[in-house]
Amino acid sequence: MSWPRLLACVCRCWLVLVFGIGHASAFELGVQPARVDLAGAVEYLEDPTRQLQLQDLARPEVAARFQPWRVAHGTPSFGYTASAYWLRLCLSRPPAAPADWLLELSYPLLSDLEFHAPGQPVIQTGAMLPLDSRPIPDRYFVFPISLEPKPACFHLRAVSQEALVLPLLAWQPAAYQHSQQRELLLHGLYHGGLLALLLYNLLLFLSLRDRRFLLYSLYAATFSLGIFAGNGFGRVFLWPDSPRFDIQAQALFLSLAAVFSVGFACDFLQTRLQFPRLHGWLSASALGFAAVLLALLAQLALDFEISGLLQLNMFNAILMGVLVSVASALVWRRRVRSAGIFLLAWGSLWLGAVVATLQLLVWIPANFWTSYSLQIGAGIEMLLLSLALADTIRRERERAFAFQAQALESRRQAHELDLQLATSRQLARDKSEFLARVSHELRTPLSAIIGYARMLRRGSDRITLHEGSADIERSGMRLLRMIEELLDQSRLSAGGMRLAPAALLLRPWLDEIGRAGRLMADSAGNQFELLLPDQLPHRIEADGLRLRQVLDNLLGNANRHTHGGCIVLSCVVCPTELDDCIRLDFAVSDSGEGIVPSELDRIFEPFFMGQGGQPTPSLRAKRMGLGLSISRDLVRLMGGELRVRSQPGQGSTFYFSVACALLPEAEAPDRPSLAVVAERLPTSLSRRRGELRLLIAEDDPAARLSLVDLLEAQGFTVQAASSGHALVALLADGTQRWDAVVTDQLMPDGDGWTVLNHVRTHWPSVPVVVLSAMALLRPPGCPAGLDFDACLAKPVDPSQLFETLERLLPPLRRSHSVGSASAGLEPAEREALAALVRVGAVTEIEEWADELRQRRPELDGFAQCLLQAARRLELHELKRLATA
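Residues numbered from 1 in each chain as written. Predicted model: local features only at pLDDT ≥ 70, side-chain atom pairs only at ≥ 80, totals over all residues. Heavy atoms only, no water.

1. Points about the overall build of the protein
We count it as follows: Strands here mean DSSP runs of E at least two residues long; helices mean DSSP runs of H or I at least four residues long; both are numbered from the N terminus. In this scheme, a residue with accessible area under 20% of its type's maximum is buried, one over 50% is exposed, and one in between is partly exposed, where area comes from a 1.4 Å probe on protein chains only. The contact criterion used throughout is that any non-hydrogen atoms of two residues lie within 4.5 Å. Surface exposure here means Shrake-Rupley accessible area, sampled with a 1.4 Å probe, where a residue is shielded only by the protein chains that are shown.
The helix and strand tally for the protein stands at 28 helices and 25 strands. In the protein, buried positions account for 49% of the 884 residues. Contacts in the protein between residues far apart in sequence, at least 24 positions, make up 73% of those at least 6 positions apart. For the protein, the computed accessible surface area is about 44,200 Å², with 58% contributed by carbon and sulfur atoms.

2. Quick word on the packing of helix H6 (residues 243–269) against helix H8 (residues 276–302)
We apply this condition: All axes are obtained by fitting lines to C-alpha atoms, using only the stretch in contact for helices, and the reported angles, taken between N-to-C directions, cover 0 to 180 degrees. Roughly parallel means an angle under 35 degrees; roughly antiparallel means over 145; roughly perpendicular covers 65 to 115; every other angle is labelled oblique. We call a crossing left-handed when the near helix sits turned anticlockwise from the far one by less than a right angle, and right-handed when that turn is clockwise. Residue polarity is assigned by list, with Asp, Glu, Lys and Arg as charged and Ala, Val, Leu, Ile, Met, Phe, Trp, Tyr, Cys and Pro as nonpolar; anything else, Gly included, falls into the polar class.
The contact between H6 and H8 brings their axes to 9 Å, and the two run at 160°. What the angle tells us is that H6 and H8 run roughly antiparallel. In the packing of H6 onto H8, the handedness of the crossing is left-handed. Here Arg244, Phe245, Gln248, Ala251, Leu252, Ser255, Leu256, Ala258, Val259, Val262 and Cys266 of H6 lie close against H8, whose contacting residues are His279, Leu282, Ala286, Phe289, Ala290, Val292, Leu293, Leu296, Leu297, Gln299 and Leu300. Of the residues that constitute the contact of H6 with H8, the class distribution is 17 nonpolar, 4 polar and 1 charged.

3. What to know about the packing of aromatic side chains
Applied cut-off: Think of it this way: a Phe, Tyr or Trp ring, Trp meaning its six-membered ring, pairs with another when their centres are within 6.5 Å, and the plane angle makes it stacked under 30 degrees, edge-to-face over 60, tilted otherwise. For a Lys NZ or an Arg CZ to count as sitting over a ring, it must be within 6 Å of the ring centre and within 35 degrees of the ring normal.
Under the definition given, this model contains 21 aromatic pairs. With a centroid separation of 5.8 Å and an interplanar angle of 70°, the aromatic rings of Tyr44 and Trp69 are classed as edge-to-face. With Tyr44 in strand E3 (residues 42–47) and Trp69 in the loop between strand E4 (67–68) and strand E5 (77–80), this residue pair connects regions lying 25 residues apart in the sequence. Among the residues examined, Tyr44 registers a relative accessible area of 17% and is labelled buried. Residue class for Trp69 comes out buried when judged on its relative accessible area of 9%. Each member of the aromatic cluster is reached from another via a ring pair, and the members are Tyr44, Trp69, Phe78 and Tyr85. Geometry around Phe66 places Arg88 over its ring, the cationic atom sitting 4.2 Å from the centre.

4. Structural notes on the environment of Ser523
Here is the rule we go by: We define a polar contact as two N or O atoms separated by no more than 3.5 Å, with the added condition that, inside protein, one atom must be a possible hydrogen donor and the other a possible acceptor, whereas residues neighbouring each other in sequence contribute only through side-chain atom pairs.
Within the secondary structure layout, Ser523 lies in helix H16 (residues 506–523). Sequence spacing of Ser523 and Asn559 is 36 residues, and the spatial spacing of their C-alpha atoms is 9.0 Å. At 2.7 Å, the side chain of Ser523 and the backbone oxygen of Met520 are in polar contact.

5. Focus: the pattern of salt bridges
Rules: Each reported salt bridge corresponds to a side-chain nitrogen of Lys or Arg within 4 Å of a carboxyl oxygen of Asp or Glu.
Counted by the stated rule, this structure contains 17 salt bridges. Here Glu61 ties to Arg59 by a salt bridge, and the two come within 3.7 Å at their closest N and O atoms. Arg59 gets classed as partly exposed once you look at its relative accessible area, which sits at 37%. Two residues, Asp585 and Arg583, come together in a salt bridge whose shortest N-O distance is 2.8 Å. Take Asp585: its relative accessible area is 18%, and that puts it in the buried class. Beyond isolated ion pairs, a larger network of salt bridges with shared partners links Glu409, Arg412 and Glu416.

6. Some details on the pairing of strand E23 (residues 740–744)
The line we're drawing: Paired strands are those between which DSSP finds at least two bridges. Handedness of a crossover is defined as follows: orient the strands so they point away from the viewer, and if the path from the first strand over the helix to the second runs clockwise, the crossover is right-handed.
Burial within E23 is extensive, with 5 of its 5 residues counted as buried. The side-chain alternation of E23 yields two buried faces, one formed by Ala740, Val742 and Asp744 and the other by Val741 and Thr743. Taken together, the 4 bridges between strand E21 (residues 693–697) and E23 define a ladder with parallel strand orientation. Across the sheet, the residue bridging to Leu694 is Ala740, located in E23. Pairing of E23 with strand E24 (residues 768–772) involves 4 bridges; the strand directions are parallel. Across the sheet, residue Val742 finds its bridge partner in E24, namely Val769. In terms of handedness, the path from E23 via helix H22 (residues 752–762) over to E24 forms a crossover that is right-handed.

7. A word on H8
In plain terms, the rule: Under the convention used throughout, the expected extent of a helix is 1.5 Å for every residue step, that is, one less than its residue count.
Taking 1.5 Å of rise per residue, 27 residues should cover 39 Å, and H8 covers 38 Å from first to last C-alpha, within 8% of that figure. Along H8, the residues that are buried comprise Leu278, His279, Leu282, Ser285, Ala286, Phe289, Val292, Leu293, Ala295, Leu296 and Gln299. The secondary structure elements touched by the buried residues of H8 are H6, helix H7 (271–274) and helix H9 (307–332).

8. Notes on the sheet that holds strand E2 (residues 35–37)
Taking strand neighbours across the sheet as the criterion, the 4 strands line up as E2-E13-E7-E10 in an open arrangement whose pairing is antiparallel. On the outer flanks of this sheet lie E2 and strand E10 (141–146), each paired with one strand and no other. Neighbouring strand axes in the sheet, compared pairwise and without regard to direction, differ in orientation by 25° on average. Sheet analysis places E2 next to strand E13 (residues 168–171), joined by 3 bridges and oriented antiparallel. Pairing of Val36 across the sheet is with Ala170, part of E13.

9. What about the sheet that holds E21?
In any sheet, the strands associate via hydrogen bonds between backbone groups, in a parallel or an antiparallel arrangement. Taken in spatial order, the 5 strands make up an open sheet running E22-E21-E23-E24-E25, and their pairing is parallel. Strands with a single pairing partner mark the edges of an open sheet, and in this sheet they are strand E22 (717–721) and strand E25 (790–793). Averaged over neighbouring strand pairs, the angle between their axes works out to 20° when direction is ignored. The sheet strands contacting H22 are E23 and E24, and the helix crosses E23 at an angle near 160°.

10. Description of the packing of helix H21 (residues 724–731) against H22
Two numbers describe how H21 lies on H22: the axes approach to 9 Å, and their chain directions differ by 20°. Here H21 is positioned roughly parallel relative to H22, judged by the angle of their axes. Of the two possible hands of crossing, H21 and H22 adopt the one that is right-handed. Note on element contacts: H22 touches H21 through Thr754, Val755, His758 and Val759, opposite Gly724, His725, Leu727, Val728 and Leu731. Residue composition of the contact of H21 with H22, grouped by class: 5 nonpolar, 4 polar and no charged.

11. Overview of a nonpolar patch on the surface
Worth spelling out the cut-off: Patch definition: residues above 30% relative accessible area lacking any salt bridge, with like charges linked at up to 9 Å and the nonpolar side chains Val, Leu, Ile, Met, Phe, Trp and Tyr linked at up to 5 Å.
A surface patch of nonpolar side chains, about 340 Å² in accessible area, is lined by Leu225, Val236, Phe237 and Leu238. Counting residues per element, the nonpolar patch draws most heavily on helix H5 (residues 233–238), which supplies 3 residues. Of note, Phe237 is situated in helix H5. Among the residues examined, Phe237 registers a relative accessible area of 53% and is labelled exposed.

12. Describing H21
Inclusion rule: Arc definition: directions from the helix axis to the C-beta atoms.
Of all the positions in H21, only Gly724, Leu727, Val728 and Leu731 are classed as buried. Seen end-on, H21 carries its buried residues on one side only, within an arc spanning 100°.

13. Side note on the side chain of Glu698
Within the fold, Glu698 resides in the loop between E21 and helix H20 (701–713). Filtering out sequence-adjacent residues up to four positions away, Glu698 remains in contact with Ala703, Arg704, Ala721, Ser722, Asp744, Met747 and Lys794.

14. Concerning the pairing of E25
Of the two faces of E25, the one lined by Ala790 and Leu792 is fully buried and the one lined by Cys791 and Ala793 carries no buried residue. In terms of strand pairing, E24 meets E25 through 4 bridges, oriented parallel. Bridge pairing in E25 places Leu771 opposite Leu792.

Here it is as structure tokens:
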């Protein structure tokens, strides 16, 4: 033996002793078993450069790098790696054992695979090559081998873009065929079950339109495709000519399934509502899966390395499993049984996923259970999720039955409410009385405000202030009209309110509202802004009074709930389908305290004041909670709808739209919409005002001062009393002559009815005019025939007061001559006239007076007074003339 050959022999022996490699021993395949796991016979070598060839393995320095695979580690698995791995198998058989065997490498995601058998040409195959490159067409890589009793070495070179797993099995051909049939049956049952669940839940989605069933169906479909591709069936049956897609198909479909599973879990557990922060993390995880999905699709076209991204995708899957498990556990703690089933299902899936991930990362041994853990866990999960969805349907059906029972109970309660109609009517009467009393309390200070305004405008000597009189009076009259409209709440509710559209100058009208709104905001410590478009119609037809009432209510409401903020009134003009009609969009916004969501539905209810407020029964209530209710009804009467947008702490916006007709300029009014009341006496009364003496009873000092100043400024002789009893005391002074009495209705010391009864008893010819802020309230025991000559609302309109005095006083001034003239009536004539007066036959009285003038010319003056009183329907004057 030569020295080189002797040296080579020594080196080989040294390598065998030191590293345990070489051909020191061979793995023997016997008659039994028919299937042999070759993990114990594997020797492997890592080739980071991917440059080693078969002939290089014979070099001592390369051969020394082979290491035996430890059987305790299970199936040879090297995780995600860019290196090429060489495997060496030294096999032999006893003489009685069969010579023909099949070598199976049951992992389909090997992109490049070379098989070297002694004395045979190399077989090059892999997932990136066509199916016909495989010696035996199969979903896995199967190589036929022939063994001799003498040991023979087989070499495999493998490269993978996915995890590199090399499960090597030796099969006797008959046993392999039988095993394949059994596995195909099991896989068929597995995927058939998933398909059945998919179709069942898809039909439920089409029936119920519940998105959870759709997401479950998509999740089951994509997960089944991922498992189908991972087991190699996709390459064989679905995309045989797409090797690049086959490499990424499992990761692609499983990533898509993860996206659908996150969506299903979020909908099933309602994480958006119950756990917003956890929902955000789950959404981020789903986006991670979607990013990997896009990267996989891009890799099909650009061919770049994504093994690191796939590893991150595995950790993302583990994180997502933990998050969903936490969410389901939290819901289960709230005693939701379906969440417990969901938690069990999710746990089985992700236990299998974790096991599969750890096996791919070579952290646990690879065997049948770890290799198929994901499929086993997914099958259990699909069944349990179906049970969870069924439990959800049952629970929602029970809830629907509960709602039906509640509806029946509501009907019963509605019937009981019908029985309480009498009580409701009593409450309505109480409400009307409440509004009347509140109106009385509000009109008294308004009387003083308007009275002072008139005194300021006239420059009266009784007061020294000289500014703001016209605006004060105009605002006071407007507030008075608002109070009168509040009293019409019952008519609004009953549908008795009617609009009175009239010509309106739009911009001056809006500017006036803006001035009032700015004053209102200044008094509340707020800023005010009026937003109007550059182009506004000049004249429109609308009920300006009612529309202004709505805006005033909204501005007042905004200022009450805003402190140190900003109030904005905006008006937008929008065209309509009609050329002569426009739409005005109004909005009142504030930056105040806002409205809590629970009160948004009740904010327009009558007497509701928010923040848990209740109707205030006090006669001194500052607010009645009717402004928004009346505004809503008025807007509806105009054909619109008042709505609100609000967030607590961020202010509110009330908005509505009304349609208005456009008017040509010729139809617009030449007077302003709100004119200051003129204080002019009628001509006939003006000529006689210096000789007329009036007696006034008013308990409020400001109102009394205003009324006295008004009448004295027109030349009347006026004396005022602070109560009814004080006025009666003045009447007791027989030295004074009084032409008329003006009295308030309600006074603490002798009311207006006391004054009227005294005047009718002692001075029946003196007319009595009552001023009242509310309807006449006849006291108990008052005679039925006792009536005032006239009733005027407070604060009194000067023109109405002067017209009333003009109507009442002229007949009084002729009473002396008339009385003497009526003395010539015959008793029969007097009785006939008295009978006509008692029945109120005005037409017959006029005919009787005309006949009296023709028959007795000397009574012409008396007949003229009868005609005048009859035509004016002055029944009290007719009674006086008939009894004079």
